[in-house]
Amino acid sequence: MKSRPVLVYDGDCAFCTTAVHFIERRVRPRCEISPWQFADLDALGTTQQRAEYELLWVTPIGTIDGGAQAVARLLLSAGRGWAVLGALLSLPPLRWVAHGVYRLVANNRERMPGGTPACALPAADRRPPSAT
């Protein structure tokens, strides 16, 4: 069992990788950080389809938050002023706004600064993965 949360991101996406490097340097969340391509997704309790779709925050007990709520959890773990922002992103209506902004960015990440055509999600993967 992991003793720290794990942040799982798309290591093939230049935009995602750039964002995670910023998070590591500036935010400093208390977690392990791994591209899904090198993570044991089965052990983490998730799938490749979900990891391709959104950023994931996996707790040591196996709870998984995705997308904007994964961002909120990582901010909470960083403490200081970041935790205040994470708490705000966890509360309605900011939670709903954060979800919408996250999906807009994630669905268009190839168009974001640092993004490349390799960052694009296939149209079929732009919908939430079905629960299995």
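Located above this text is the structure these notes cover.
In this text, all values refer to a predicted model and were calculated from it rather than measured experimentally.

1. Quick word on the pairing of strand β2 (residues 32–35)
On any regular strand, side chains alternate: one points to one face of the sheet, the next to the other face.
No. 1: Note: strand β1 (residues 6–9) against β2, four bridges, orientation parallel. Across the sheet, residue leucine 7 finds its bridge partner in β2, namely isoleucine 33.
No. 2: Chirality of the crossover, the property in question, places the unit of β1, helix α1 (residues 14–27) and β2 among those that are right-handed.

2. Structural notes on a nonpolar patch on the surface
No. 1: Nonpolar side chains collect at one region of the surface, where Val84, Leu88, Leu91 and Leu94 lie side by side and expose about 350 Å² of accessible area between them.
No. 2: By the element assignment, leucine 88 lies in helix α5 (residues 80–89).

3. Structural notes on the pattern of salt bridges
No. 1: Tallying each qualifying case throughout the model produces three salt bridges.
No. 2: Notably, a salt bridge pairs arginine 109 with aspartate 10, separated by 2.9 Å at the nearest N-O pair. Of this pair, arginine 109 sits in the segment after α6 (94–107) while aspartate 10 sits in the loop between β1 and α1, and the two are 99 residues apart along the sequence. Grouping residues by exposure puts arginine 109 and aspartate 10 together as buried.
No. 3: Arginine 50 is paired through a salt bridge with glutamate 54; the nearest N and O atoms lie 2.7 Å apart.

4. Remarks on the packing of aromatic side chains
No. 1: Summed over the entire model, instances satisfying the criterion amount to zero aromatic pairs.
No. 2: Above the plane of the ring of tyrosine 53 lies arginine 103, whose end atom (NZ or CZ) is 3.8 Å from the centre.

5. Points about α1
No. 1: Between its first and last C-alpha atoms α1 spans 19 Å; for 14 residues at 1.5 Å apiece the expected length is 20 Å, and the two agree.
No. 2: Taken as a whole, α1 has its buried residues at Phe15, Cys16, Thr17, Val20, Ile23 and Val27.
No. 3: Those residues of α1 that are buried lie in contact with β1, β2, α4 (68–78), α5 and α6.
No. 4: Of the residues flanking the end of α1, it is arginine 28, one or two places downstream, whose phi is positive at about 55°.

Reading the values: rules and limits
- Residues numbered from 1 in each chain as written.
- Predicted model: local features only at pLDDT ≥ 70, side-chain atom pairs only at ≥ 80, totals over all residues.
- Heavy atoms only, no water.
- Pairing = 2+ DSSP bridges.
- Helix = DSSP H or I, 4+ residues; strand = E, 2+ residues; numbered from the N terminus.
- Right-handed = clockwise from strand over helix to strand, strands pointing away.
- Patch = residues over 30% accessible without salt bridge, like charges linked within 9 Å, V, L, I, M, F, W, Y side chains within 5 Å.
- Areas by Shrake-Rupley, 256 points an atom, 1.4 Å probe, with all protein chains shown as cover.
- Salt bridge = Lys/Arg side-chain N within 4 Å of Asp/Glu carboxyl O.
- Buried < 20%, exposed > 50% of the residue type's maximum accessible area, 1.4 Å probe, protein only.
- Phe/Tyr/Trp six-rings, centres within 6.5 Å; stacked < 30°, edge-to-face > 60°.
- Lys NZ or Arg CZ within 6 Å of the ring centre and 35° of its normal.
- Expected span 1.5 Å × (residues − 1).
- Contact = heavy atoms within 4.5 Å.

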